[in-house]
Amino acid sequence: MSNQNPLVDIELISEMLYQDEKYIKEFAGASMQSFSEFREQFRKYVLARDMEELRRAGHKIKPAALMLNLNVIIDIYEESKTLIEEDAPDAKLHGVADRMDAYCNQILDEFSNIV
């Protein structure tokens, strides 16, 4: 996914944090931790078809994703729940996990340029 348009809106973050460089860096660091944890949990719980834990992981990241207009995270998350509910083949679950990995990796890469 890299080399595409940026996913993280630095201007939005800067405005939310009053252009305070220290807060922006702290926010970026905390966001990296949150998205990294989510990426790992998402893959684990999707592939295990563990809807309860998947929902917990999703509910933890959803506010940040909404605040940052990272709606693709929510879309992929919702798709994964549907796939599990429909007892989709493992290959489809691996596909959705790979897409989430790629998306989160780009987000993490962009945040790493801020800290």
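This structure is a prediction, so every number in the text was calculated from the model and none was measured.

K.L.:
I'm lost on the packing of aromatic side chains in this one. Help?
P.N.:
What characterises a pair of aromatic rings is the spacing of the ring centres plus the angle enclosed by the ring planes. Throughout the structure, instances matching the rule amount to 3 aromatic pairs. Between Phe35 and Phe111 the ring centres are 6.4 Å apart and the planes differ by 25 degrees, which places this aromatic pair in the stacked class. Here Phe35 is found in helix H2 (residues 21–47), whereas its partner Phe111 is found in helix H5 (residues 90–112), with 76 residues between them in sequence. Taking relative accessible area as the criterion, Phe35 reaches 0% and is therefore assigned buried.

K.L.:
I would appreciate a short explanation of the pattern of salt bridges in the present structure.
P.N.:
Here the idea is simple: oppositely charged side chains can pair when their charged atoms come close. Considering all chains together, one arrives at 10 salt bridges under this definition. Ionic pairing is found between Glu52 and Arg56, a salt bridge with its closest N-O pair at 2.9 Å. Within this pair, Glu52 and its partner Arg56 are both found in helix H3 (residues 51–67), separated by 4 residues, close to a single helical turn. Several salt bridges share partner residues, and in doing so they unite Arg43, Asp98 and Asp101 into one network.

K.L.:
Sorry if this is basic, but what is going on with H3 here?
P.N.:
An α-helix turns once every 3.6 residues. As a result, residues three or four positions apart point the same way. A rise of 1.5 Å per residue sets the reference length of H3, with its 17 residues, at 24 Å; its end C-alpha atoms lie 24 Å apart and thus fit the reference within 8%. Its maximal kink placed at Ile61, H3 deviates by approximately 40 degrees, while the proline Pro63 follows within four residues.

K.L.:
Sorry, what's going on with the packing of helix H4 (residues 71–85) against H5 here?
P.N.:
The relative placement of two packed helices comes down to the angle between their axes together with the axis-to-axis distance. Following both chains from N to C, one finds H4 and H5 inclined at 165 degrees, their axes separated by 10 Å at the closest point. Comparing the axis directions of H4 and H5 gives the class roughly antiparallel. H4 and H5 meet at a crossing whose hand is left-handed. Of the residues in H5, those touching H4 at Val72, Ile73, Ile76, Tyr77, Glu79, Ser80, Leu83 and Ile84 are Lys92, Leu93, Val96, Arg99, Met100, Tyr103, Cys104 and Ile107. Tallied by class, the residues present in the contact of H4 with H5 amount to 12 nonpolar, 1 polar and 3 charged.

K.L.:
Explain unusual backbone geometry here, please?
P.N.:
One can expect most non-glycine residues to show negative phi and most peptide bonds to be in trans. For Arg49, which is not glycine, the phi torsion reads 60 degrees and is therefore positive. Positionally, Arg49 belongs in the loop between H2 and H3. Under the relative-accessibility criterion, Arg49 is labelled partly exposed at 26%. Phi at Asn69 takes a positive value of approximately 60 degrees, unusual for a residue other than glycine.

K.L.:
When you look at the nonpolar core in this model, what are you seeing that I'm missing?
P.N.:
Soluble globular proteins tend to pack their nonpolar side chains together in the buried interior. Within the largest apolar cluster, 34 residues are counted, with the highest numbers of intra-cluster contacts made by Phe35, Ile73 and Phe111. Of all the elements in the fold, those that place two or more residues in this core are H2, H3, H4 and H5. Those residues in contact with Phe111, other than ones at most four positions away along the chain, are Val8, Ile13, Phe27, Ala28, Ser31, Met32, Phe35 and Leu68.

Scoring rules and cut-offs
Residues numbered from 1 in each chain as written. Predicted model: local features only at pLDDT ≥ 70, side-chain atom pairs only at ≥ 80, totals over all residues. Heavy atoms only, no water. Phe/Tyr/Trp six-rings, centres within 6.5 Å; stacked < 30°, edge-to-face > 60°. Helix = DSSP H or I, 4+ residues; strand = E, 2+ residues; numbered from the N terminus. Buried < 20%, exposed > 50% of the residue type's maximum accessible area, 1.4 Å probe, protein only. Salt bridge = Lys/Arg side-chain N within 4 Å of Asp/Glu carboxyl O. Expected span 1.5 Å × (residues − 1). Bend = angle between axes of the 7 residues up to and from the residue. Axes fitted to C-alpha atoms, helices over the stretch in contact; angles between N-to-C directions. Parallel < 35°, antiparallel > 145°, perpendicular 65-115°, else oblique. Left-handed = near helix turned anticlockwise from the far one by under 90°. Contact = heavy atoms within 4.5 Å. Nonpolar A, V, L, I, M, F, W, Y, C, P; charged D, E, K, R; others polar. Core = buried A, V, L, I, M, F, W, Y, C linked by side-chain atoms within 4.5 Å.

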